[in-house]
Number of protein chains: 2
Amino acid sequence: MDARIDRLQRAAAESERVVELGGGLPAADLFPRSELASSFLAVLYEPACAALQYGWPEGDPDVRAWIAARLRARGAPVAAGDVIVTSGAQQAVSIAVDRLAAPGRSVGLDRETYPAALDLIRAKGGRAATGKDPPDWFYVMPGVTNPTGAGMTAERRAAILASGVPVIADEAYAELRFDGAVPRPFLADARDRTWHVGTLSKTLSPGLRVGWLLPPPGELAAALEAKRARDLEAGNLSQAVVRSFLARDDFDARLAAARTFYRARAETLVDLLRRHLPGWHFREPEGGFSVFVETDVRGDDVAFLEHATRQGVNFDPGRMFRPGGAPAFVSMRLCFSRASSTELAEGVRRLERAARTFRTGVPAETRATP
Amino acid sequence: MDARIDRLQRAAAESERVVELGGGLPAADLFPRSELASSFLAVLYEPACAALQYGWPEGDPDVRAWIAARLRARGAPVAAGDVIVTSGAQQAVSIAVDRLAAPGRSVGLDRETYPAALDLIRAKGGRAATGKDPPDWFYVMPGVTNPTGAGMTAERRAAILASGVPVIADEAYAELRFDGAVPRPFLADARDRTWHVGTLSKTLSPGLRVGWLLPPPGELAAALEAKRARDLEAGNLSQAVVRSFLARDDFDARLAAARTFYRARAETLVDLLRRHLPGWHFREPEGGFSVFVETDVRGDDVAFLEHATRQGVNFDPGRMFRPGGAPAFVSMRLCFSRASSTELAEGVRRLERAARTFRTGVPAETRATP
């Protein structure tokens, strides 16, 4: 994580004045507070109170069974025993990258992708594959890519499957495709080399830290040992709450409602951008929490973030999502997920003002007047 | 983790018939269920519902402040900003070992110590220091060592401080000294090279996964980056529950009650062992959850575990706690923490029977009769 970006985002989060379009957080409106409260009370008064005790590194059997059943329904030949419950999707990605990335080994990535995956790959000395060499492995987000909200084309999917190399398939946002057409999991077609990653952080709550990893069968024992070495187990309390919650919840109805909710916010942001910033280009998202924008603002994206924050709006600088860093024009992730229509309108108005007043690399306010 | 031991312990956990003296789990009797329930409800209905949202990698500010204040009260010059809330003590140890262990680097250890720390050190190619070479760093559990329940002598403490090398001071059990004389933290005397580790897993609940790490100041930024890379952050829900709980709890009174509770169980086990297994030797624990026993049973400790499990009792084989592996006589960790007096009595009775019927390396039941 770039220290300057971290500092700016923390300042924005602390300020009441800033409309936050960065961060990729789910909408608090969708948290099922009372249902989670009931689940908590239920598990706390179970006789053995397993929720507060140590568990096993692979996780709660019922939660694992639920994860496996949902994947089976999508065509993947998996069982509860194939699932490791992880402390969020990040831990799952981290365990998989640890195994796949190494100095000199090249990884196939989307043009823009999840920043923390890039950090993990860099930390292991891995490098992004160029057009010239076939990748040694892939990290992709089928269904919905963060930050673009794009799905994966059939051609790319076929090419990745044909490559025969390992794939981390990070489905963090896959179930939040607005059309509900969650694609067939890579697991279903490449079981022996897919590291499947999922999470409840986007669909239920990130505060629970419940994600999952299904490694290739030959890697399961080592992955479980890695999980144990890192933090023994995912939180038993969270897992128990999730277990109790899922037993009573209509999760598909929840997903359908979330899709409708986020789709409306996405449409609002897309309309606002087209209307107020017609020189900015983006691809309409197919799902997820964000739009990735190529602006006509020339200069450093972090300098522009600093400037925009002073105008009362933030975003995630494009360089975070790109293996190669920042190009000549500013790009950015704009998250519509937790901003109301009013906030989105005000945020875009401020972005427009920021773009108008920004001078390459030098915030307008600090330039000496001649 | 040895696969045979893992298999045996899982079978024991699943059997109603086995008195479990392995595992190192806290007593469910001490979980403050209704207070945690109130805390959960309180944080769930806070307006922004931060408990269910993403947080920062360093953790909840109030939880960090509480941790720092308790360490300051013990003489350590630390502030909330020095604390990283981790996903249990295991993650804290793992981050610290990652930084300190390396092929060829020797670590000073207690004769018996925390098995998962040994696993982490081995995985990084580290090695235990012998009497001949001064260690490159230390991993110790001041106050209460797991599995022996022993405190640290003043001489050893002075020698470690005089060595000038980095120290992981794992205080997982330190506050559970039966005499309440929690020693001055290493942080107070070697701030610049102490990796301080603590947790609520033994004193409140392991299901919360709330531990902490205070790295040396020069290592804080890198450790925080490591924390973020591993799982973004400790569970916000757990941290919010803890924050709300601690604001209302008399934690010192809770510790005092826990010490009385565990001391009584320790005394029961010690008495039973002296009475029924006078040939077994151990040091009376000063705190914690367990006794470490050197038996007069000759043979393989895992074979003896298998035999004992058939007799309806389990334990943790001594080899788990020793860098050098298993010696000629069986040793074991016996946990009194979650067994009632009746269970302890029955467990010791079965251990005695197991010892009587065990033949070196070959469980009695399976020997061919001549």
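Every value quoted in this text rests on a predicted model; they were computed, and no experiment measured them.

Undergrad: Would you mind going over the overall build of chain A with me for this structure?
TA: Along its length, chain A carries twelve helices and 13 strands. Relative to the globule expectation of 21 Å for 370 residues, the C-alpha radius of gyration of chain A, 21 Å, shows essentially globular dimensions. Overall, chain A is about 75 × 50 × 35 Å in size when its C-alpha atoms are taken along their principal axes. For chain A, restricting intrachain contacts to residue pairs at least 6 apart in sequence, the fraction spanning at least 24 positions comes to 78%. Split by element, the accessible area of chain A, about 13700 Å² in all, is 53% carbon and sulfur.

Undergrad: Just checking my understanding: could you explain the interface of chain A and chain B for this structure?
TA: How big an interface is tends to be reported as the loss of accessible area on association of its parts. If you look at the interface, chain A gives 53 residues, while chain B gives 54 residues. The tally of links between chain A and chain B comes to four salt bridges. When the shortest N-O distance is used, the salt bridge between Arg228 of chain A and Asp6 of chain B registers 3.5 Å. Elements represented by at least two residues in the side of chain A that touches chain B include exactly helix 1 (3–14), helix 2 (33–44), helix 4 (88–100), helix 8 (220–231) and helix 9 (236–248) of chain A. Here the side of chain A that touches chain B takes seven residues from helix 2 of chain A, the largest share from any one element. Taken together, the residues of the side of chain A that touches chain B break down into 28 nonpolar, 13 polar and twelve charged.

Undergrad: Would you mind showing me how to read the relation of the copies chain A and chain B here?
TA: Between the two copies of the chain lies a relationship made up of a rotation around an axis and a movement along it. At an RMSD of 0.0 Å, chain A and chain B line up after a rotation of 180 degrees and a shift of 0.0 Å along the axis. The transformation just described matches what one would write down for a two-fold rotation axis.

Undergrad: Would you explain helix 4 (residues 88–100) of chain B in this entry?
TA: One turn of the α-helix equals 3.6 residues, which is why residues spaced by three or four share an orientation. Residues and elements named next belong to chain B. Compared with the 18 Å implied by 1.5 Å per residue over 13 residues, the 19 Å span of helix 4 between its first and last C-alpha is a close match. By the criterion of burial, helix 4 is predominantly enclosed, with eleven of the 13 residues buried. Restricting attention to buried positions, one finds in helix 4 the residues Gly88, Ala89, Gln90, Gln91, Ala92, Val93, Ser94, Ile95, Ala96, Val97 and Leu100.

Undergrad: It is not clear to me how the sheet that holds strand 10 (residues 290–298) of chain A should be interpreted in this structure. Could you clarify?
TA: Adjacent strands of a sheet form backbone hydrogen bonds with each other and so pair up, either parallel or antiparallel. Residue and element names in this part refer to chain A. Read from one edge of the open sheet, four strands run 9-10-13-12, paired in antiparallel fashion. The outermost strands of the open sheet, each flanked by one partner alone, are strand 9 (281–282) and strand 12 (316–317). Of the strand pairs in this sheet, strand 10 and strand 13 (residues 329–335) are connected by six bridges, and their pairing is antiparallel. Residue pairing across strands places Ser290 opposite Cys335, the latter belonging to strand 13. Each of strand 10, strand 12 and strand 13 is contacted by helix 11 (residues 301–310), which is oriented at about 55 degrees to strand 13, the strand it contacts most.

Undergrad: Where do I start with the packing of aromatic side chains in this structure?
TA: The geometry of an aromatic ring pair is captured by two quantities: the separation of the ring centres and the angle between the planes. For the coordinates displayed, the defined rule picks out 19 aromatic pairs over all chains. The interplanar angle of 90 degrees and the centroid separation of 5.3 Å between the aromatic rings of Phe261 of chain B and Tyr262 of chain B together place this pair among those described as edge-to-face. The class of Tyr262 of chain B is buried, set by a relative accessible area of 1%. Ring pairs connect the aromatic residues Tyr173, Phe261, Tyr262 and Phe289 of chain A, which therefore count as one cluster. Taking NZ or CZ as reference, Arg10 of chain A lies 4.3 Å from the ring centre of Trp56 of chain B, over its face.

Undergrad: When you look at the pattern of salt bridges in this model, what are you seeing that I'm missing?
TA: Where charged atoms from two side chains of opposite charge come close, those side chains can pair. Within the structure shown, the criterion is met by 77 salt bridges over all chains. Residues Arg338 of chain B and Glu20 of chain B are paired through a salt bridge, measuring 3.1 Å at the closest nitrogen-oxygen approach. Remark: Glu20 of chain B occurs in strand 1 (residues 19–20) and Arg338 of chain B occurs in the loop between strand 13 (329–335) and helix 12 (341–357); sequence separation between them is 318 residues. Between Arg177 of chain B and Glu286 of chain B there is a salt bridge whose closest N-O contact spans 2.9 Å. One end of the pair, Arg177 of chain B, is in the loop between strand 6 (167–170) and helix 7 (186–189); the other, Glu286 of chain B, is in the loop between strand 9 (281–282) and strand 10 (290–298), and 109 residues separate them in sequence. Overall, Glu286 of chain B belongs to the partly exposed group, its relative accessible area being 23%. A cluster of three or more residues bridged by salt bridges with shared partners is formed by Asp2, Arg4, Asp300, Asp301 and Arg319 of chain A.

Undergrad: I keep staring at the pairing of strand 8 (residues 211–214) of chain A and nothing clicks. Help me out?
TA: Across a regular strand the side chains alternate sides, sitting on one face of the sheet and then on the other. Residue and element names in this part refer to chain A. Of the two faces of strand 8, the one lined by Gly211 and Leu213 and the one lined by Trp212 and Leu214 are each fully buried. One ladder, built from three bridges, connects strand 2 (residues 84–86) with strand 8; its direction is antiparallel. Of the residues in strand 8, the one forming a bridge with Val85 is Trp212. Two strands pair when backbone bridges link them, and strand 7 (residues 194–199) and strand 8 are joined in this way by four bridges, in the antiparallel orientation.

Undergrad: Hey, could you run me through a nonpolar patch on the surface in this one?
TA: Together, Leu41 and Tyr45 of chain A together with Leu41 and Tyr45 of chain B line one region of the surface with nonpolar side chains, adding up to about 370 Å² of accessible area. With respect to the helices, strands and loops of the structure, Leu41 of chain A is situated in helix 2. Leu41 of chain A gets classed as partly exposed once you look at its relative accessible area, which sits at 31%.

Analysis parameters
Residues numbered from 1 in each chain as written. Chains lettered and ligands numbered in written order. Predicted model: local features only at pLDDT ≥ 70, side-chain atom pairs only at ≥ 80, totals over all residues. Heavy atoms only, no water. Helix = DSSP H or I, 4+ residues; strand = E, 2+ residues; numbered from the N terminus. Rg over C-alpha atoms; globule rule 2.2 N^0.38 Å. Contact = heavy atoms within 4.5 Å. Areas by Shrake-Rupley, 256 points an atom, 1.4 Å probe, with all protein chains shown as cover. Salt bridge = Lys/Arg side-chain N within 4 Å of Asp/Glu carboxyl O. Nonpolar A, V, L, I, M, F, W, Y, C, P; charged D, E, K, R; others polar. Least-squares fit on C-alpha atoms with pLDDT ≥ 70 in both. Expected span 1.5 Å × (residues − 1). Buried < 20%, exposed > 50% of the residue type's maximum accessible area, 1.4 Å probe, protein only. Pairing = 2+ DSSP bridges. Axes fitted to C-alpha atoms, helices over the stretch in contact; angles between N-to-C directions. Phe/Tyr/Trp six-rings, centres within 6.5 Å; stacked < 30°, edge-to-face > 60°. Lys NZ or Arg CZ within 6 Å of the ring centre and 35° of its normal. Patch = residues over 30% accessible without salt bridge, like charges linked within 9 Å, V, L, I, M, F, W, Y side chains within 5 Å.

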